[in-house]
Amino acid sequence: MPEHNADPSTLVAASAEEIVAAIATDAERIAVFRRRFLTALDDMGWLGIVGRDWVAIGDGGLEFNPLSFKQADSLLRDLEDISAAIVRHTATCDGQIELF
């Protein structure tokens, strides 16, 4: 952290460097997240449906490009299959009957 009695131009330069460092860290983190996301899509077989350019790095996060109806339908069918295979449990307290 710069000294309080430092030259103003030094303070500005130090602040700019801190801002650039913070932005670079966020961009790197988002880029790593995007790679992980694309790998997961590929593992699920969905990268062939949505394409590598479906998800992009935007301002402060990931942005998704629109899907065609055919792409969305293929993705939705897979999601429905996965959802149907998931066993859902409801939380109960002692003495309550589980309804589902």
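The structure displayed is predicted, hence computed values, not measured ones.

### Some points on a nonpolar patch on the surface
- Residues M44, L76, L79, I82 and I86 make up a contiguous nonpolar surface patch of about 420 Å² in total accessible area.
- Considering each element in turn, the nonpolar patch owes the most residues, three residues, to helix α3 (residues 69-85).
- The partly exposed category is assigned to L79, whose relative accessible area is 40%.

### A short note on the confidence of the model for the protein
- Averaged over all residues, the pLDDT of the protein equals 78, while 66% of them reach at least 70.
- The secondary-structure element of the protein with the lowest mean pLDDT is helix α1 (residues 8-44), recorded at 75, while helix α2 (residues 47-50) shows the highest, at 93.

### Some details on the pattern of salt bridges
- According to the stated counting rule, one finds one salt bridge in the structure shown.
- Between D73 and R77 there is a salt bridge whose closest N-O contact spans 2.9 Å. Taken together, the residues D73 and R77, both in helix α3 and four residues apart, mark about one turn of the helix.

Analysis parameters
Residues numbered from 1 in each chain as written. Predicted model: local features only at pLDDT ≥ 70, side-chain atom pairs only at ≥ 80, totals over all residues. Heavy atoms only, no water. Patch = residues over 30% accessible without salt bridge, like charges linked within 9 Å, V, L, I, M, F, W, Y side chains within 5 Å. Areas by Shrake-Rupley, 256 points an atom, 1.4 Å probe, with all protein chains shown as cover. Salt bridge = Lys/Arg side-chain N within 4 Å of Asp/Glu carboxyl O. Helix = DSSP H or I, 4+ residues; strand = E, 2+ residues; numbered from the N terminus. Buried < 20%, exposed > 50% of the residue type's maximum accessible area, 1.4 Å probe, protein only. pLDDT = per-residue confidence, 0-100.

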